[in-house]
Every structure is written in structure tokens, then in C-alpha cells.
Amino acid sequence: MDNRGSLAPPPIGAVEFVFGTLMAAVPAGVVGWLVMTVLLPWWVARRASTRLDREWRDLGSSP
């Protein structure tokens, strides 16, 4: 019983535990996949492009 005298709900079972875990793990996996396959390559390419642009400008300003 809870503090108001009502029956408390039963503890969760194995099925509910597995379902809840999957409901948390699937979105986390999708976010991880997006970071590794989309955002990380985009960030690396952007940094490389910036570095190449800087080197190109430095090359043009040399005597």
C-alpha cells in the first residue's frame, strides 16, 4: 500500500523492462549512427575545406 492507503501498482515485469530499455536504446542508437555517418564526415570536410582555403590565400599573398 502507498501512503494514502491505496494499493500500489505491482513492480514492472521482464517484458516491460525489456520494452522500456529498447525504447531508450533505439533512439540513442539512431543518434549515434547519425553522428558517425553524417555529422562527423561533414565536420571533417568542413575543417579540411577551411584549411585548404587558408593555405590557398596564404599561397596567393606570398611574393
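Refer to the preceding data block for the structure.
Figured I'd write up the structure that's included with this text.

The rules we used
- Residues numbered from 1 in each chain as written.
- Predicted model: local features only at pLDDT ≥ 70, side-chain atom pairs only at ≥ 80, totals over all residues.
- Heavy atoms only, no water.
- Helix = DSSP H or I, 4+ residues; strand = E, 2+ residues; numbered from the N terminus.
- Rg over C-alpha atoms; globule rule 2.2 N^0.38 Å.
- Buried < 20%, exposed > 50% of the residue type's maximum accessible area, 1.4 Å probe, protein only.
- Lys, Arg positive; Asp, Glu negative; His and termini not counted.
- Charge placed at Lys NZ, Arg CZ, Asp CG, Glu CD.
- Expected span 1.5 Å × (residues − 1).
- Bend = angle between axes of the 7 residues up to and from the residue.

**Notes on the overall build of the chain**
Here is step 1 of the chain: Within the chain, the regular secondary structure consists of 1 helix and 0 strands.
Here is step 2 of the chain: Its C-alpha atoms give the chain a radius of gyration of 27 Å, more than 25% over the compact-globule value 11 Å for 63 residues.
Here is step 3 of the chain: Over its C-alpha atoms, taken along the principal directions, the chain stretches across nearly 85 × 25 × 10 Å.
Here is step 4 of the chain: Split into buried and exposed, the 63 residues of the chain put 0% on the buried side.
Here is step 5 of the chain: Here the chain contributes 6 positive and 5 negative side-chain charges, whose respective centroids are spaced 8 Å apart.

**A word on helix H1 (residues 14-61)**
Here is step 1 of the chain: End to end, H1 covers 68 Å across 48 residues, agreeing with the expected 70 Å (1.5 Å per residue, within 8%).
Here is step 2 of the chain: Roughly 40° is the biggest bend found in H1, and it falls at Val 35.

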